Each structure stands twice: as structure tokens, then as C-alpha cells.
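# A look at the structure
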Amino acid sequence: MKSPRKFLGLIPMETRRRRCVLVVGYYLAWVPVFAGCWFSFDNLFTRFLAFYFCLALLPFLLGGHVFSERSSAPVRPFPDILYRWQAWQRLRGYDRSPGSIILDEHDHAARDRAHYFAYTAIFWIVLLLAPEVVLKLSRLPLPQRPDAILLVAAPLLILFFSLPQTILLWTEPDLEPETSAATTAGFSRTGARP
Amino acid sequence: MLSDNPKLTLRKRRWMVAAYYFAAVLLAAVAVYALHFRHVSVFLLGAYFPLLLSFIIVLGGLRLGGPVRPFSRRVGSDATQPLIQLRLSGRKSGENVLDERDIAVRDHAHYVAMCMLRFATWIFAMVVWAFAVFHRIAWLPITAGVGAFLLFVAAMSLPQAILLWTEPDPASESPAQLTGAAQ
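Residues numbered from 1 in each chain as written. Chains lettered and ligands numbered in written order. Predicted model: local features only at pLDDT ≥ 70, side-chain atom pairs only at ≥ 80, totals over all residues. Heavy atoms only, no water.

## What to know about the packing of helix 5 (residues 105-139) of chain A against helix 7 (residues 163-171) of chain A
Residue and element names in this part refer to chain A. Under the convention used in this document: A fitted line through C-alpha atoms serves as each axis, taken over the contacting stretch for helices, and the angle formed by two N-to-C directions is quoted from 0 to 180°. Secondary structure elements follow DSSP: runs of H or I of four or more residues count as helices, runs of E of two or more count as strands, with numbering from the N terminus. Throughout, the term roughly parallel applies to angles under 35 degrees, roughly antiparallel to angles over 145, roughly perpendicular to angles from 65 to 115, and oblique to all others. In a left-handed crossing the near helix is turned counterclockwise from the far helix by less than a right angle, and in a right-handed crossing that turn is clockwise. By definition, residues are in contact when any of their heavy atoms lie within 4.5 Å. Each residue receives one of three labels: charged for Asp, Glu, Lys and Arg, nonpolar for Ala, Val, Leu, Ile, Met, Phe, Trp, Tyr, Cys and Pro, and polar for the others, Gly being one of them.
It is at 8 Å that the axes of helix 5 and helix 7 come closest, and there the two elements cross at 120°. The orientation of helix 5 relative to helix 7 falls into the category oblique. Our pair here, helix 5 against helix 7, has a crossing hand that is right-handed. When helix 5 is examined against helix 7, the residues Ala 110, Arg 111, Ala 114, His 115, Phe 117, Ala 118, Ala 121 and Ile 122 are found in contact with a partner set consisting of Leu 163, Pro 164, Ile 167 and Leu 168. Class assignment of the residues belonging to the contact of helix 5 with helix 7 gives a composition of 10 nonpolar, 1 polar and 1 charged.

## Thoughts on the interface of chain A and chain B
Filter applied, for reference: A quick way to say it: buried area is the sum, across both parts, of accessible area lost when two parts are put together, with a 1.4 Å probe. Within this document, salt bridges are pairs made up of a side-chain nitrogen of Lys or Arg and a carboxyl oxygen of Asp or Glu, the two lying within 4 Å of each other. What qualifies as a polar contact is a pair of N or O atoms within 3.5 Å, subject to a donor-acceptor requirement within protein and to the restriction that residues adjacent in sequence count only when both atoms come from side chains.
Facing 35 residues of chain A, the contacting portion of chain B comprises 35 residues. Between chain A and chain B lies a buried interface of about 3000 Å² when both sides are counted; carbon and sulfur atoms form 74% of it. At the junction of chain A with chain B, the criterion picks out 1 salt bridge. Across the pair Arg 113 of chain A and Asp 107 of chain B runs a salt bridge, and its minimum N-O distance is 2.6 Å. Along the contact surface separating chain A from chain B lie 4 residue pairs in polar contact (both at pLDDT 80 or more).

## Considerations on helix 6 (residues 145-160) of chain A
All names here are of chain A. Note the following rule: Helices are assigned an expected span. That span is 1.5 Å times one less than the residue count. Given a residue, its bend is the angle between the two axes fitted to the seven residues that end at it and to the seven that start from it. Buried, partly exposed and exposed residues are distinguished by accessible area as a fraction of the type maximum, computed with a 1.4 Å probe on protein chains only: under 20%, between the cut-offs, and over 50%, respectively.
Helix length check: helix 6, at 16 residues, gives a terminal C-alpha distance of 22 Å against a target of 22 Å (1.5 Å per residue), a fit within 8%. Maximal helix bending in helix 6 amounts to about 30°, located at Ala 153; proline Pro 155 follows within four positions. Taken residue by residue, helix 6 has Arg 145, Ala 148, Leu 150, Ala 154, Leu 157, Ile 158 and Phe 160 as its buried positions.

## Re the nonpolar core
For soluble globular proteins, the rule of thumb is that nonpolar side chains tend to be buried together. This is how the line gets drawn: Here the nonpolar core consists of buried residues drawn from Ala, Val, Leu, Ile, Met, Phe, Trp, Tyr and Cys, with membership extended through side-chain atoms lying within 4.5 Å.
Ranked by internal contacts, the top residues of the largest apolar core, which has 71 residues, are Phe 51 and Tyr 119 of chain A together with Leu 117 and Met 156 of chain B. It is helix 4 (residues 140-166) of chain B that provides the largest number of residues to this core, a total of 12 residues. Setting aside residues no more than four positions away along its own chain, Phe 51 of chain A makes contact with Trp 30, Phe 34, Cys 37, Leu 150, Ala 154, Leu 157 and Ile 158 of chain A.

## Notes on helix 4 (residues 80-92) of chain A
Helix length check: helix 4 of chain A, at 13 residues, gives a terminal C-alpha distance of 18 Å against a target of 18 Å (1.5 Å per residue), a fit within 8%. Listed in full, the buried residues belonging to helix 4 of chain A are Asp 80, Leu 82, Tyr 83, Gln 86 and Gln 89 of chain A. Check the buried side of helix 4 of chain A and you find it contacts helix 5 of chain A together with helix 3 (100-133) of chain B.

## Digging into the pattern of salt bridges
Inspection of every chain in the model, using the stated rule, returns 4 salt bridges over all chains. In this structure, the salt-bridge partner of Asp 112 of chain A is Arg 111 of chain A, at a minimum N-O distance of 3.0 Å. Of the charged contacts, one joins Arg 101 of chain B and Glu 167 of chain B as a salt bridge, the two residues approaching to 3.1 Å between their closest N and O atoms. Highlighted residues: Arg 101 of chain B in helix 3 and Glu 167 of chain B in the loop between helix 4 and helix 5 (175-182), separated in sequence by 66 residues. The class for Glu 167 of chain B is buried, based on a relative accessible area of 8%. In this structure, a network of salt bridges that share partners links the residues Arg 113 of chain A together with Arg 106 and Asp 107 of chain B.

Treat this as a map of the structure, not an account of what it does.
See the structure below:
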């Protein structure tokens with residue numbers, strides 16, 4: 001995770017301090033977002049749809065689950081398929097897009113380790129809370145259950161879709177910005193570097 | 001990342017994973033029945049706790065002795081001692097030290113599991129919402145209950161299942177082969 005990363009394409013995220021502020025700000029921002037989804041609509045399914053829409057979009061601000069090799073989001077893209085596609089292109093001798101990202105072994109290990117910690121944390125939260133939640137939900141009257149389920153599931157889903165990225169943002173050391181030569185290096189069809 | 005049991009071949013491990021998830025689907029039916037008829041104790045005794053126990057015992061990952069070694073780096077040993085244990089007593093210390101490959105495989109299995117669960121969660125949410133939009137309200141509690149329970153089952157066991165399904169069989173070496181290699 002070495003190249004300069006920017007939040008919303010504007011705010012550099014090289015220092016760990018800024019990234020920690022981003023993580024805290026991201027989770028605090030969910031409070032008004034969820035409150036807005038909840039109180040703006042009376043119908044449960046519309047609330048759920050609004051929350052679902054926000055859950056789909058907001059984690060992209062952190063990065064990680066993007067399928068673009070030119071993404072400058074704070075967390076570099078996770079999907080392996082991107083890098084396999086790059087490796088295939090390089091093997092075939094095709095030009096690689098300037099500024100495209102390549103994950104090295106450290107980045108792969110950091111990505112996988114962040115997912116391991118995130119998964120373990122959510123696993124224990126679900127395991128320990130599930131019986132209590134099921135008991136309390138079963139005691140609620142039927143009309144109140146869907147709302148209660150949404151209230152219980154929302155924090156878990158927010159964590160589930162963002163915890164690996166926030167772990168990376170919180171734990172990775174300060175980044176050294178790459179030079180412009182390094183970011184624009186590419187291969188011509190003949191294999192010679194420009 | 002797997003335990004040192006030569007009898008647990010890749011084929012047997014895959015059958016174990018398939019049987020585990022088949023049993024989970026049956027337990028999902030029990031869970032739906034219990035929750036639908038408000039028999040929470042039936043749910044806890046008939047579905048949740050058996051699933052929990054089976055997950056811990058059958059697949060491993062949390063304790064020594066399962067097909068998958070514990071995910072924690074050292075389980076059952078005194079990991080705080082800085083000195084290497086000489087093990088002069090000859091007794092097994094129960095130590096479970098993961099090497100770099102084990103850690104990489106473990107972490108990658110969790111990454112893949114999380115990607116799969118993420119995709120499954122999206123599909124589940126869309127199905128629930130579609131049921132609501134197309135007015136299948138009567139089926140919604142059952143659909144949501146079954147889906148949530150199956151997601152729960154997957155979340156509890158997916159990394160272990162991935163490891164059991166994908167890890168190759170450990171190479172088995174006879175003593176003759178070992179002494180031949182040493183010479």
C-alpha cells in the first residue's frame with residue numbers, strides 16, 4: 001500500500017494520522033446516514049432500500065472493493081482478478097496503463113491479514129450475541145420484529161463491509177509518496193521500458 | 001494448515017464439507033419451524049447449539065484436534081516464554097506453531113470467505129427486498145429466516161471449509177524414504 005492515496009481524489013492519505021481520522025469519521029458519519037434512512041421513510045422496505053443503497057456506496061469511499069487498477073482511493077483494490085489480468089497482459093507484452101497499481105507480496109499479505117482479523121472479530125461478535133438477539137426478538141410482537149431486525153443487523157453489516165479497509169487504514173505505517181517516474185513506468189509491446 | 005492425519009484425504013475432506021452443509025440445511029428447517037412457532041428453546045437446543053458444537057468439533061480451526069489446525073498462532077503452549085523449549089521430558093507440548101505458509105493460507109482463506117459472504121449477503125438482501133416488492137409477504141419470514149440462518153452457518157465455517165476443500169494432501173513419507181533421503 002505504498003503509492004499516494006487520496007480520499008475523494010483530493011485529500012492525501014499518506015500519514016497514518018489522517019487515515020485514523022478518516023476511519024473514525026467514516027463510522028461517525030454512519031450515525032446521521034442511518035438516522036436519515038430511518039426517519040425519512042415510514043415504510044420499512046423503503047428504509048431498508050435506502051440503507052442498502054448507502055451500504056453499497058459508502059465503503060467505496062474507503063476503497064478496496066473496486067475493479068479499477070487506476071483507483072486512487074485510500075485502500076488499494078483488493079480483487080485478485082485485476083492483478084491476474086495485469087500479469088496476463090505483461091506476459092503477452094501488451095502496454096500496461098500508466099499509473100496502474102500492482103500489489104506486491106506485502107500488500108497481498110496485508111490485505112489477507114486484515115480480512116482475517118476482520119472476519120475473526122465479526123465471527124466472535126455474531127457467535128456471542130446471536131442467542132441473546134434471537135431470544136429478545138422472539139419476545140417482541142410480530143409487527144415490531146422487522147424494525148428490530150434492521151436495527152440489530154445494520155451495525156453488523158456496516159462493520160462487515162468496511163472492517164478490512166479500516167484495519168488497513170489504521171495499521172499501515174506512513175506511506176512514502178512514489179516518484180512520478182515510478183508511477184508512469186510501463187512496458188511497450190517490444191518489452192523495452194520507455 | 002491441516003492437521004497431521006494421513007487418513008484425511010482431499011476426497012474425504014470434501015465429503016466432510018458437503019455433509020456438514022447438508023446437515024446445516026436440515027438444521028435450518030428446524031430453526032425455521034422453531035422460530036415460526038415461537039419455540040425458541042427448540043431453536044437453541046435443536047439448531048444453534050448442535051451447529052456450534054459441530055462447527056467446533058468437526059471442522060476445527062478453534063481448538064487442537066480438528067481437521068483444521070487452530071487459526072491462532074500458538075494454542076496449547078506457553079507462547080510467552082522467549083526461550084525455545086527443549087522438550088527434554090519427551091511429552092507432547094500441544095504446541096501448534098503456524099509457519100509462514102500456514103499463516104498465508106489461513107489469511108487467504110479468510111479473505112476468500114469474506115468475499116463469498118459479501119456476495120451472498122448482497123444476494124440475500126436483494127431476494128428479501130424482491131419478496132417484499134412483489135408482495136410475497138407470507139413467505140418473507142420463512143425466506144428471511146432460512147437465508148439468515150444459512151448465512152450464519154456459512155459465516156461460522158467458511159474459512160475452514162475452504163481450507164478443507166482446497167489444501168492438497170500432505171506428502172506421506174515412509175521411514176525408508178526418509179532414511180534414503182538422509183543418505
